[in-house]
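What follows is the residue order along each chain.
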Amino acid sequence: LLARWSWASGRRHPTMATAGLAGGGPRPALQSPEIEWERINKSRFFVMGTGVFSGITTCLFPLSVIKTRMMTLESQGGGGNVGVRATVKAVRSVVSQEGVLGLYRGFPTVVTGFLPARLVYLSTLESVKSRLKKFLAANTQLEQTRVVAVSSFFSGACASLASQTIFVPVDVVSQQQMVSQNRVRVGDKVRAILRNEGFRGFYRGYWMSVGLFVPGSAMWWGSYSMYKEQYWKLLAPSQGEGTGGASPSDESLRALQGGWRLVGVQAVSAVSAGCTTSLVTTPLDVIKTRYQVSCRSSQAGTEAQRTTAYKEVTNLFRKEGLWGFYRGLFPRMTASSLWGTSMILAYEFLKRNCVVTEEYVD
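Residues numbered from 1 in each chain as written. Predicted model: local features only at pLDDT ≥ 70, side-chain atom pairs only at ≥ 80, totals over all residues. Heavy atoms only, no water.

Participant: Describe the overall build of the protein chain, listing the residues and the values that go with them.
Facilitator: Helix and strand counts for the protein chain stand at 12 helices and 0 strands. When each of the 362 residues of the protein chain is scored for burial, the buried share is 51%. Contacts in the protein chain between residues far apart in sequence, at least 24 positions, make up 86% of those at least 6 positions apart. Approximately 17,600 Å² of the protein chain is accessible, and the part contributed by carbon and sulfur atoms is 61%. (Helix = DSSP H or I, 4+ residues; strand = E, 2+ residues; numbered from the N terminus. Buried < 20%, exposed > 50% of the residue type's maximum accessible area, 1.4 Å probe, protein only. Contact = heavy atoms within 4.5 Å. Areas by Shrake-Rupley, 256 points an atom, 1.4 Å probe, with all protein chains shown as cover.)

Below, the structure is given as C-alpha cells:
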C-alpha cells in the first residue's frame, strides 16, 4: 500500500522529482510526513476508528475519573491535590471503597457519547486543515513548518468548537456520575438533571468549555505540528544543497511513512504538546469541572443548590490560593500525554492504512 501510494504521489505531483537521486547526487531532506485528507477513505477510516478509539478510551478512562475526583475533593491546602502523592491517594481511595469498577464510573456514557463527537471533530479538523494549508501555501510566503502549524492551530479550534454541542452534555452527565456518592445509572442522572435544571442543565458550563477546549485544542494541534516538524528536521537534516526542495525517493518515503523514527517523532511530539497544553489550561478546567458538578439535589428531592463560576473561583482561591487552580495537575498532564500519544499514533496509523491509491494513479 505504501509503495503504491509513494509511486502515485510522485506521478501526481511532477515537482516531486528524484532526478538528483538517480544521478547519484546528494539525497534531499525528508519532507513533512503529512497525509492529506483528500487521500483518505473516510468510511474505512471512521469504521476502523470507532473500534480503535473505543479501545483506547477503555484503557485510559480511569485517569479521567481520578482527575475529576481530585478537582472536586475537599480542600487540601498547599497543593495537596496537585502532585503524585495526592494522585496515588485518590486511586487508593476509589479502589478501596468501590473496587476497580469505581475507576469506570460514567464509562458507558463517555464511550457512547463521544463516538459521534469524534466523527464531527475529526471531519472538521481535517477538512479545515486541508483547505487552510492550500490557501496559505498559495497566498503567503510562509515556510512549510509554519503553514502546517498555523493550519493545525486554526483547524483544531474549529473542530473543538463544532463538537462542543455533543461533548458538553456528555461531560456534564459523566462527571456528575463520577463524583456522586453512590453509583448512578445514566438514565437516572439524565432525569435528575432534567428535573432540577431542565434541558439547559445539560449545557451547564458550555461557554467555559468553549473557552477551555477551543483554544486548548488549537494549542495542542498547533504545538503538536510544530514539535513534529522540528523534531523531524533534527532527525532528518538535509544531506546536500541544490535539491530544490525535492521530495524523497520511493525508498526513503516508505521508510518515512512506516519507520519507527516517524512513530517516535509522533509520540514525543504528542507528549510535548500534552504537557504544554495542560500547564496552560488546567486552571480553567478546574473551574469548569467544579461548576459542572456543583449543582446537586439537596435532601428529599428539593430544589437543587446553585452556584456560579465566579463563586467557584473566589471560594477556591480563598481556601487554597493559586495552588487550588492546579488541582489534579499530575493526572491531567499524564492523561493528556497518554491520551494525546495514543490517539495521535492511532490517528496517524488509521490515516496511513486508509489511503486511497487508485485515483491518484495515472
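More follows now that the structure is in view.
Participant: Explain the packing of aromatic side chains residue by residue, including any values.
Facilitator: Tallying each qualifying case throughout the model produces 17 aromatic pairs. Here the aromatic rings of Phe 61 and Phe 107 are separated by 5.4 Å at their centres, their planes lie at 75°, and the arrangement is edge-to-face. Here Phe 61, found in helix α3 (residues 42-72), pairs with Phe 107, found in helix α5 (residues 107-139); they are 46 residues apart in sequence, far enough to count as distant. Ring geometry for Tyr 227 and Tyr 231: centres 5.8 Å apart, planes at 15°, overall stacked. Of this pair, Tyr 227 and Tyr 231 both sit in helix α8 (residues 206-235), 4 residues apart, which is roughly one turn of that helix. Ring pairs connect the aromatic residues Phe 45, Phe 46, Trp 220, Trp 221, Tyr 224 and Tyr 347, which therefore count as one cluster. Cation over ring: Arg 204 sits above Tyr 291, and NZ or CZ is 4.3 Å from the ring centre. (Phe/Tyr/Trp six-rings, centres within 6.5 Å; stacked < 30°, edge-to-face > 60°. Lys NZ or Arg CZ within 6 Å of the ring centre and 35° of its normal.)

Participant: Give a detailed account of the environment of Ala 149, specifying residues and quantitative values.
Facilitator: Tracing the sequence through the fold places Ala 149 in helix α6 (residues 144-179). Residue classification places Ala 149 among the buried positions, given a relative accessible area of 17%. When the C-alpha atoms of Ala 149 and Met 219 are compared, they prove to be 9.7 Å apart, with 70 residues separating the residues in sequence. Residue contacts for Ala 149: discarding those within four places in its chain leaves Gly 222, Ser 225 and Met 226.

Participant: Let's hear about the environment of Arg 352: which residues, and what values?
Facilitator: Structurally, Arg 352 can be placed in helix α12 (residues 329-353). Once the C-alpha coordinates of Arg 352 and Arg 39 are considered, the two residues, 313 residues apart in sequence, prove to be 9.6 Å apart.

Participant: Outline the side chain of Lys 189, supporting the account with residue identities and numerical values.
Facilitator: Summarising the element assignment, Lys 189 is placed in helix α7 (residues 186-197). Comment: no salt bridge for buried Lys 189; closest opposite-charge side chain is Glu 197, at 8.7 Å. (Lys, Arg positive; Asp, Glu negative; His and termini not counted. Salt bridge = Lys/Arg side-chain N within 4 Å of Asp/Glu carboxyl O.)

Participant: Pulling in residues and values, what's your account of the side chain of Ser 151?
Facilitator: Tracing the chain through its elements places Ser 151 in helix α6. Only 2.8 Å separates the side chain of Ser 151 from the backbone oxygen of Val 147, close enough to count as a polar contact. In contact with Ser 151, not counting residues within four places along its chain, are Lys 129, Leu 132, Lys 133 and Leu 136. (Polar contact = N/O pair within 3.5 Å; in protein donor to acceptor, adjacent residues only side chain to side chain.)

Participant: How would you sum up the nonpolar core? Please name residues and give values.
Facilitator: Within soluble globular proteins, side chains that are nonpolar tend to cluster in buried spots. Among the nonpolar cores identified, the biggest contains 38 residues, and Phe 45, Phe 53, Leu 122, Trp 221 and Tyr 347 are the most heavily contacted of them. At the level of secondary structure, the elements contributing two or more residues to this core comprise α3, α5, α6, α8, α10 (260-293) and α12. The element best represented in this core is α5, accounting for 8 residues. Core analysis: the next-biggest nonpolar cluster, separate from the first, contains 10 residues, Ala 157, Val 168, Val 210 and Ala 218 among them. (Core = buried A, V, L, I, M, F, W, Y, C linked by side-chain atoms within 4.5 Å.)

Participant: Explain the pattern of salt bridges residue by residue, including any values.
Facilitator: Two side chains with opposite charge may pair up if their charged atoms get near one another. One pass over the structure, following the stated rule, counts 11 salt bridges. For Asp 188, the salt bridge goes to Arg 191, with nearest N and O atoms at 2.5 Å. Of this pair, Asp 188 and Arg 191 both sit in helix α7, separated by 3 residues, roughly a single helical turn. You can call Asp 188 partly exposed: its relative accessible area is 37%. Residues participating in the shared-partner salt-bridge network are Lys 67, Asp 285, Lys 288 and Arg 332.

Participant: Got a sec to walk through the packing of α3 against α12? Specific residues and values, please.
Facilitator: Following both chains from N to C, one finds α3 and α12 inclined at 180°, their axes separated by 10 Å at the closest point. In terms of axis orientation, α3 runs roughly antiparallel to α12. For the contact of α3 with α12, the class distribution of residues is 19 nonpolar, 5 polar and 4 charged. (Axes fitted to C-alpha atoms, helices over the stretch in contact; angles between N-to-C directions. Parallel < 35°, antiparallel > 145°, perpendicular 65-115°, else oblique. Nonpolar A, V, L, I, M, F, W, Y, C, P; charged D, E, K, R; others polar.)

Participant: An account of the packing of α10 against helix α11 (residues 309-320) is requested, with residue identities and associated values reported.
Facilitator: In contact at an axis separation of 9 Å, α10 and α11 are set at 120° when each is read in the N-to-C sense. Crossing angle aside, the handedness with which α10 passes α11 is right-handed. Contact residues: Val 286, Ile 287, Arg 290 and Tyr 291 in α10; Ala 309, Glu 312, Val 313 and Leu 316 in α11. Grouping the constituent residues of the contact of α10 with α11 by class yields 6 nonpolar, no polar and 2 charged. (Left-handed = near helix turned anticlockwise from the far one by under 90°.)

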